[in-house]
Each structure stands twice: as structure tokens, then as C-alpha cells.
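Chain and residue survey
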Amino acid sequence: MNHSAADERIVGRLVPAWLEEAGRHDPPAADRAREEWERDALSAESARELADWVTARVTDTAFNEDEGPTQDGPVRISVADKAAVHRWLAARGHDV
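Small disclaimer: the values here were computed from a predicted structure and weren't measured. (Residues numbered from 1 in each chain as written. Predicted model: local features only at pLDDT ≥ 70, side-chain atom pairs only at ≥ 80, totals over all residues. Heavy atoms only, no water.)

Bringing the packing of helix H1 (residues 5–25) against helix H2 (residues 27–38) into the picture now. Between H1 and H2, the least distance of the axes is 7 Å, while the angle of their chain directions is 155°. Between H1 and H2, the angle falls in the class roughly antiparallel. For the pair H1 and H2, the contacting residues are Val11, Gly12, Val15, Trp18, Leu19, Glu20, Ala22, Gly23 and His25 in the first and Pro27, Ala30, Ala33, Arg34 and Trp37 in the second. Looking at the contact of H1 with H2, its residues break down into nine nonpolar, three polar and two charged. (Axes fitted to C-alpha atoms, helices over the stretch in contact; angles between N-to-C directions. Helix = DSSP H or I, 4+ residues; strand = E, 2+ residues; numbered from the N terminus. Parallel < 35°, antiparallel > 145°, perpendicular 65-115°, else oblique. Contact = heavy atoms within 4.5 Å. Nonpolar A, V, L, I, M, F, W, Y, C, P; charged D, E, K, R; others polar.)

Before going further, it helps to spend a moment on the pattern of salt bridges. The tally for this structure, following the rule as stated, stands at eight salt bridges. The partner of glutamate 20 in a salt bridge is arginine 24, with the nearest N and O atoms 2.3 Å apart. In this pair, glutamate 20 and arginine 24 both sit in helix H1, four residues apart, roughly one turn of the helix. Classification of glutamate 20 by relative accessible area gives partly exposed; the value is 41%. Owing to a relative accessible area of 52%, arginine 24 belongs among the exposed residues under this scheme. Aspartate 31 is paired through a salt bridge with arginine 34; the nearest N and O atoms lie 3.9 Å apart. Residue aspartate 31 and its partner arginine 34 are both found in helix H2; the two are separated by three residues, about one turn of the helix. Its relative accessible area of 41% is what places aspartate 31 among the partly exposed residues. (Salt bridge = Lys/Arg side-chain N within 4 Å of Asp/Glu carboxyl O. Buried < 20%, exposed > 50% of the residue type's maximum accessible area, 1.4 Å probe, protein only.)

In this description, a pair of aromatic rings is defined by centroid distance and the angle of the planes. On inspection of all chains with the given rule, the structure shows one aromatic pair. Measuring from centroid to centroid gives 5.7 Å for tryptophan 37 and tryptophan 88, while their planes differ by 50°, and the two rings are tilted. In this pair, tryptophan 37 sits in helix H2 while tryptophan 88 sits in helix H4 (residues 79–91), placing the two residues 51 residues apart along the sequence. Judged by its relative accessible area of 26%, tryptophan 37 is partly exposed. (Phe/Tyr/Trp six-rings, centres within 6.5 Å; stacked < 30°, edge-to-face > 60°.)

As C-alpha cells, then:
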């Protein structure tokens, strides 16, 4: 599956928020993921965590307040952003 430069930008915008949040919940795992990210070599476990995180943190669903819940967070994450992260991971051989 191919990804684009736009996907790269989206991943670059979201990964710092993921790592920061992960650092509050599991500092050793966040440190490992940060090192992997910096080497451009996410492990299968880190890739799965990122995929799950972006899915759970979608904040812009295109629903209005009456149609569905909104998710507060430090960054806006759309359904398209989630798809971009998944494409980016898949392009690197991760099963997401």
C-alpha cells in the first residue's frame, strides 16, 4: 500500500502527541517507541500501539454534537488522519 508526502506530514504531526501521552502511562514503552521512531524503525508492537492510539483518538468525525461524541485531545485527529497513519504503517510492512 502506498502512502504520500501528506501521510508523512500527518504522521510527523501525530507521533509526538502519541509519544507524549504514552510517556504518561508507560514511560519505558514510550522511551523504546521514541528510540524506534528516531531510527525510523518502529517495532510491530509500537506500530500496533500507534495504530490503536490514532484510532481511539479520532476527534473530528464529521458528526455534529447531536450525532455522536467528540473526543478532547491535544491535537485534532480526523478519520482521514487515522487512515493516513494506517497507510504509512502498512507501507512499512506493519499489519494494521
